[in-house]
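Residue-level structural notes
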Amino acid sequence: MTLTLARPLARAALRTARSVPVRASSTSSAAPRAVPRTARLLAAAALGAGATFLALSEPAAAEAPPHAKASAGSIATGGKISLAQLAKHSHSKSLWIAIDGKVYDVTDFLDRHPGGSKILAENGGKDVSKLFHSIHPPTTFDKYIRPDQYVGQLDEESLYTLSKETSEEEQRIQATRDAMFGINSVVSLSDLERLAEAVVPRHAWAYYSTGADTEAALGENANAFKRVYFRPRTMRDVSNTDTSTTVLGVKSSIPVYISPTARNGMGHPEVGVRSVTALTSQGEAAVARGAGEAGILQVLSHFASKSLDEVKAAAKDGQQVGYQLYLQPDREQSAEAVREAVKNGAHSIWLTVDTTIVGGALCIIRKSEAHLMQLGKRETERRILAQELSPAPHGQPLNRAPLDYGMSEPKMTWDDIAWIRSLAPGLPVVIKGIGAWEDVVLAYQKGADAVVLSNHGGRQLDFKLTRSAQPPLKTLYDVHQHAPDTLHQPNFSVFLDGGIRHGTDVLKALCLGAKAVGLGRPAIHAVSAYGSEGVEKMIMILQEEIDIGMKLLGVTSVDQLGPEYLDTSKL
Ligand code: HEM
Ligand SMILES: Cc1cc2nc3c(=O)[nH]c(=O)nc-3n(C[C@H](O)[C@H](O)[C@H](O)COP(=O)(O)O)c2cc1C
């Protein structure tokens, strides 16, 4: 069935929902109200949020903090603030923002905001709750904002107004969600992808879905699996098959784990629910619930929308969550991040090494616009942001400000494995982002517990530019050819991520010696479409596909899989 939406905004929904199979909408056909200016601006500003990393924290306590800002006059001493008063503080000499009904003076934070001054300046004088929560975990707020920056609370009328506001984008998403079929109609991971594309904000999709440069590496990751054929064996008793395994000592229902991906909060359904008092973008917390129900390991991104303690709080008793680290040039900052992860119960530390220059939406950006820059030139994402969502005004002079690239630690070496281990004694250390078999050998020799063969989901180095960003499956094949011993060590695991979309892909990677595989985008699609149940459903689908694949191959447990079940001649 194809999408039929009665509302006037159906056209907008159709733009992204075109190919999404849905049930007929049973919702009311009330026409959307005129979109309030604040909401429109928030939607526009979401562009910036889509462009970057890290995130924010939950609302502060309901009562006014004791350190109300003296310079704010009567307002600061307990008076409530209206949206009109807030709007007056929208310039660099006095910049206020409201988050969860509370107003803060961020004038002196403007030039220090790690996400750049531009986005803060654009949102001065406004309620930024949703934007803030979709990209910042709670700890961010406490780390950067002093109690004396609190100005006061929004008044009741303003809170009411805000609670009623929905942007055009939110209305589009809601209409599409209303027309979507229920989760039990989902058949494959590609269904989840199509549904997610239709229901996540446009800026978030630009961030989630794109790859570097020509996106050849992105495409090749999945295509490589298609060039490897099975050689099934028959006439074997396959009545009882077991898809389970262990991943770094964690019992796992299938040989799959959730790869770390930043900013899951941007796409999760509850982001669309606006309530000043209860903003609930669940992101990675919902992923944790889904992974917990289905029994697989989740690795939390350094740049997650939720902090590790929030994710652990959402997880089941005993559920394990790994923590991924981007090493920073400020080593003490990274050391502190690892110590905090250990304190919050991280199961393992996953050091990402394929992003000495961090990739992403802001990509290369002008120094005047942000301190935190990203590389891995994602043309499609840039184009969506720069040409579709926020086109530069015609006639503006050429911006000649120097380019800057956000670097994670460029001086990282193999000796850093020992350094990480010293900060997280007893925890497995995983090196993520290996693109050549020689580096697997080095990681093993230098004491890593595991490696992930990965090109970051094709988001960093496009393989057309250099062979080093070859599909991870090809890297695995090279390991199998040149360093097979590393695939059979009791205390060393080789994982792979990138392009896994079917249970049969998982089986092919295991046949070539991977102990397990990671899923990046599929988990984002699943959580964006259906929250934690989406993640559970994704794992159920894979489990079924793995089970069927094993039976048809003639194996009953994953450790029976080997290269003899594959024809790799076309790889
Ligand atoms: C007022 C309190 C805020 C604090 C304490 C804060 C803090 C931070 C921090 C620490 C980062 C860097 C994260 C990292 O290490 O990657 C960051 C990035 C960012 N922030 Fe904020 N922020 C605040 C408000 C906002 C607001 C109101 C917006 C949007 C309207 C915003 C949008 C962004 C964006 C887009 C990034 C870029 C992240 C990236 O590059 O991926 N922030 N912020
Ligand atoms: C939107 C997005 C954000 C990502 N963020 C991170 C991250 O914060 N840290 C990291 O190590 N890898 C990150 N990755 C890479 C994934 O961990 C993984 O290597 C990749 O997504 C695997 O490819 P797949 O998406 O085809 O499964 C990200 C990938 C995507 C798509």
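A brief look at the structure comes next. Remember, predicted model here, so these are calculated numbers, not experimental data.

Our focus in this paragraph is the overall build of the chain. Counting its secondary structure elements, the chain contains 21 helices and 19 strands. Within the chain, buried positions represent 54% of all 571 residues. Put simply, 76% of the contacts in the chain that link residues at least 6 apart link residues at least 24 apart.

Our focus in this paragraph is the site of ligand 2. Near ligand 2 lie 24 residues; those nearest to it are Ser259, Ser301, Gly457, Gly520 and Arg521. For the shell around ligand 2, a count of residues per class yields seven nonpolar, 13 polar and four charged.

In this section: unusual backbone geometry. Of note, aspartate 100 is a non-glycine position whose phi angle comes to about 55°, a positive value. With respect to the helices, strands and loops of the structure, aspartate 100 is situated in the loop between β2 (94–99) and β3 (102–105). C-beta crowding within 10 Å serves as the criterion here: with 23 such atoms nearby, aspartate 100 is assigned to the buried category. Even without being glycine, histidine 456 reaches a positive phi, approximately 65°. You can see histidine 456 is positioned in the loop between β16 (450–453) and α19 (472–482).

So, about the environment of serine 117. When you line up the elements, serine 117 lands in helix α5 (residues 117–122). For the pair serine 117 and serine 92, spaced 25 residues apart in the sequence, the C-alpha separation amounts to 9.6 Å. Non-local contacts of serine 117, meaning those with residues more than four positions away in its chain, are made with Leu110 and Asp111.

Along strand β12 (residues 349–352), one buried face is formed by Ile349 and Leu351 and the opposite face, lined by Trp350 and Thr352, is buried too. Judged from the three bridges that link them, strand β11 (residues 321–325) and β12 form a sheet pairing that is parallel. Paired with glutamine 324 across the bridge in β12 is tryptophan 350. What joins β11 to β12 is helix α15 (residues 331–343), and the crossover it makes is right-handed. Across four bridges, the pairing between β12 and strand β15 (residues 429–434) is parallel. Each residue of the ladder has a partner; that of tryptophan 350, found in β15, is valine 430.

Okay, the nonpolar core next. One finds Ile349, Val451 and Ala514 to be the most contacted residues of the largest nonpolar core, which totals 112 residues. The biggest single contributor to this core is helix α21 (residues 521–553), with 14 residues. When residues are assigned to domains, this core turns out to be shared by domain 1 (10–30 + 167–199) and domain 3 (212–356 + 408–567), each giving three or more. Residues within four places of isoleucine 349 in sequence aside, it is in contact with Tyr323, Leu325, Val338, Ala341, Ile420, Ala424, Leu427 and Val429. By size, the runner-up hydrophobic cluster in this structure holds 20 residues, among which are Leu86, Leu131, Phe132 and Val151.

This part is about the pairing of β15. Judged by how many residues are buried, β15 sits mostly within the fold: six of six residues are covered. Sheet topology places β15 next to β16; four bridges connect them, and they run parallel. Considered in β16, the bridge of isoleucine 431 is made with valine 451. As for the winding sense of the linkage, the β-α-β connection from β15 through helix α18 (residues 437–445) to β16 is right-handed.

It is worth spelling out the environment of glutamine 171 at this point. Tracing the sequence through the fold places glutamine 171 in helix α9 (residues 168–179). Overall, glutamine 171 belongs to the buried group, with 20 C-beta atoms counted inside 10 Å. The spacing of glutamine 171 and isoleucine 99 is 72 residues in sequence and 22 Å in space, taken between C-alpha atoms.

Each value, and the rule that gives it
- Residues numbered from 1 in each chain as written.
- Chains lettered and ligands numbered in written order.
- Predicted model: local features only at pLDDT ≥ 70, side-chain atom pairs only at ≥ 80, totals over all residues.
- Helix = DSSP H or I, 4+ residues; strand = E, 2+ residues; numbered from the N terminus.
- Buried ≥ 20, exposed ≤ 12 C-beta atoms within 10 Å, placed from the backbone.
- Contact = placed C-beta atoms within 7 Å.
- Near = placed C-beta within 6 Å.
- Nonpolar A, V, L, I, M, F, W, Y, C, P; charged D, E, K, R; others polar.
- Pairing = 2+ DSSP bridges.
- Right-handed = clockwise from strand over helix to strand, strands pointing away.
- Core = buried A, V, L, I, M, F, W, Y, C linked by C-beta atoms within 7 Å.
- Domains from an automatic or database assignment.

Purely geometric stuff here, so don't read any function into it on its own.
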